[in-house]
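If you want the building blocks of each chain, they are given just below.
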Amino acid sequence: MFKKIITVSFVFIILINNYLRADEGMWIPLLLQKYNIEDMQKKGFKLTAEDIYSINKASMKDAVMIFGGGCTAELISDKGLIITNHHCGFSQIQDHSSLEHDYLTDGFWAKTPKDELRNPGLTVTFLVSMEDVTNQVLAGVEDDGEEGVRQKMIAQNIEKIVAQAIKGTHFQGEVKSFFYGNQYFLFVQEEYKDVRLVGAPPSAIGKFGGDTDNWMWPRHTGDFSLFRIYADKDNKPAEYSEENVPYKPKKHFSISVKGVQPDDFTMVFGYPGSTEQYLTSYAVDMIQNKINPYRIEIRQNIIDIMLEDMEKNPAVRIQYADKHASVSNAWKKWIGENNGLERLDAVNVKKQREAALTQWINQEDSRQQLYSYILPEFEKIYADYAQYSFAEEYFFEAVWRMESVKMAGRMKYLIEKGSEFTTEDVDKIRNSAKSFFKDYNIETDKKIFKALLSLYLKNVDTKFQPDFTKFIKSKYLPLTESEKLDEYVDYYFEKSFFLHEDKLMAFFDTYAKADYKKLENAPAYLFYKNFVNMYVTQIMPVVKSYDEKITNLNRFYMRALTMADTSKVFYPDANFTLRVTYGKVADYEPRDGVRYKHYTTLDGIIEKDNPDIYDYRVPQRLKDLYSAREYGIYAENGELHTCFIGTNHTTGGNSGSPVLNANGELIGVNFDRCWEGTMSDIMYDPAQCRNIALDIRYALFLIDKFAGAGYLLDEMSIVK
Ligand code: ARG
Ligand code: ASP
């Protein structure tokens, strides 16, 4: 049925540059010259594509890095100083904090290089070069071949390409798919492993507004932290050593204190993680109406229980602060995303686009042969796939979030060793258990377990539930009866001795040959094992096979979309590779009759100040500086700007990204999006989608006036 398509190295992006485009898009740095630079310059950008990405001279890309596993950072001095978000450096700041040195509460500022703190495991990754390797990746791969077979060959080709690219160097290599497997790029990267903490404001500034203000505008978060990259004598990456010296970058950003005006050109250069701009109406419908509402409900349950316990007990507040923040971050985003999709009528908009595409396909026989099967096939697949996808999401959101289940997962290692364990094996699990218990409150877990299990029983089809009679005594069944559920949960938590630190540690102290059986028979382990088994047999294989089909269809669908609209320049979905997004400083109207300004000021922090609300406690020193209006060169018309918004199309991973002005100078650090626009991962709306940036002048003010760490400013290049 499939017709072979002749051209493999298909040209995706058709150049029409004589009109101004909307600010949507996450663009490939290598292709700016071809597709974007003219448009960028029309919108005010004063530099060239070579200034952004070049392999012949130092360019902006040499000043931007992946920070840790999922953020962006940028260089702001010729001595390896980098800036990223507070929430990106949070776990490092937390790691260095103790009761005596509570850097989370008090902030941290290294007075001299010797005071900078090392962070085992933290890396920053530079892009050395990128290259279109589509032809090599698809060499010998049948365009209409079976997807599983294709993927295997592609993986083999990629392995060769990467090996060849990094041969004889200390670089890393990676090939990533763009436009659903229609294009492939090779990325050569250089990873630095000695990255030290230089400074961070107190959480009351760096996390100001906390989860209350998260994803929202107006925003006043001083969301930044400073680190320094260290290198060996030859400026090459090296493991931590006292001999290491500050990294000498090819390029660092100058910082502008001139501020921003509405309509000013802005560019964000960083690592957006993942978006889904080209989903069909069937997929959007599934996410919006089937998946998101349940994800939100599950997390709402977790959050309510956590908050209740955190409010009652300060120890639990500390234990669950980070867990709460991470559960609530996506929860709040999904709510915003669904509101946005609804407002845009996204499913119907997609349907209209699909109808137009179908019309285009039907105009010619050759098109019909190539593409007419795609949309009906999608429809058929999603009609069945949705229930499996739902079950998978539910499994990961509910079962996999139960802490007792996570703990049971840790026990698996010893159980698999059986009687053939070593003392190191036991110590390994003992240590991992200790770190688990540090942030564990069994009463909270028990409540969450009960809530999530009842949701699972209520909302998930019985064919995606394990056979409870196999591992739960009949006196507790059926679990759908609330008294039986209560009894089972009591039993589960009491008898799963590995959920009790004292019992588990005592057990490890005398651990002997047959003891793994006691772990194996604990109710939490049986629960874990049977649920995982159900997932692996009932859900995973079906999801995998549908995913393969969808991957295959998407490749042809994407081609049809681009062929049908040659006046449009398409951009690839985010895939955690370096991208440029450009737009302008702009206010917006979240609702009828309401207009939000494009910036916030310190006045707003003082307005929000409320000692009774944890997220709104303003440090006294900041209040004093406010009273004295000691803003120095960082003020604008007597005000101190804290954050601003723009139309740059960003997503998770863009946190910490440099926000640059028309001259390529740093004016802000990206850290979030406005709630009304969080559907931008699926559908971008120029009227409502705004990225939120920390105004760099607020960061400089905090370093200089609040922290008294003005010596750090001496190494920066500040443009007045
Ligand atoms: N919403 C931002 C992002 O997705 C900030 C998250 C960190 N802050 C928080 N309160 N959880 O990363
Ligand atoms: N806060 C996100 C991040 O950490 C950015 C976003 O989703 O807009 O990357």
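Residues numbered from 1 in each chain as written. Chains lettered and ligands numbered in written order. Predicted model: local features only at pLDDT ≥ 70, side-chain atom pairs only at ≥ 80, totals over all residues. Heavy atoms only, no water.

Details of the site of ligand 1
Taken together, His87, Gly210, Asp211, Asn214, Trp215, Ala325, Asn329, Ser655, Phe671 and Asp672 make up the full set of residues adjacent to ligand 1. Side-chain polar atom of Asn214 to a nitrogen atom of ligand 1: 2.7 Å apart, as the coordinates give it. Contacts to ligand 1 include Asp672, whose side-chain N or O atom sits 2.9 Å from a nitrogen atom. The protein chains hide 84% of the 340 Å² of surface that ligand 1 would expose on its own. Every element with two or more residues in the shell around ligand 1 is listed here: helix 9 (210–213), helix 11 (314–344) and strand 19 (666–673). (Near = heavy atom within 4 Å. Polar contact = N/O pair within 3.5 Å; in protein donor to acceptor, adjacent residues only side chain to side chain. Areas by Shrake-Rupley, 256 points an atom, 1.4 Å probe, with all protein chains shown as cover. Helix = DSSP H or I, 4+ residues; strand = E, 2+ residues; numbered from the N terminus.)

Regarding helix 21 (residues 523–564)
Its 42 residues place the ends of helix 21 57 Å apart at the C-alpha level, agreeing with the 62 Å of an ideal helix rising 1.5 Å per residue. At Ile539, helix 21 shows its largest kink, close to 40°, and the proline Pro541 lies no more than four residues downstream. (Expected span 1.5 Å × (residues − 1). Bend = angle between axes of the 7 residues up to and from the residue.)

Re the packing of aromatic side chains
Scanning the model with the defined rule gives 59 aromatic pairs in all. Between Trp27 and Tyr571, the ring centres sit 5.6 Å apart and the planes meet at 65°, which makes this aromatic pair edge-to-face. Taken as a pair, Trp27 in the segment before helix 1 (32–35) and Tyr571 in the loop between helix 21 and strand 13 (579–584) lie far apart in primary sequence, 544 residues in all. An identical accessibility class is assigned to Trp27 and Tyr571; each is buried. A cation sits over an aromatic face here: Arg196 above Tyr230, 3.6 Å from the ring centre. Just above the ring of Phe390 sits the side chain of Lys290; from NZ or CZ to the centre is 4.8 Å. (Phe/Tyr/Trp six-rings, centres within 6.5 Å; stacked < 30°, edge-to-face > 60°. Buried < 20%, exposed > 50% of the residue type's maximum accessible area, 1.4 Å probe, protein only. Lys NZ or Arg CZ within 6 Å of the ring centre and 35° of its normal.)

A closer look at the pairing of strand 5 (residues 124–132)
As paired strands, strand 1 (residues 64–67) and strand 5 are joined by three bridges and run antiparallel to one another. Note on strand 5: the bridge partner recorded for Phe67 is Val124. (Pairing = 2+ DSSP bridges.)

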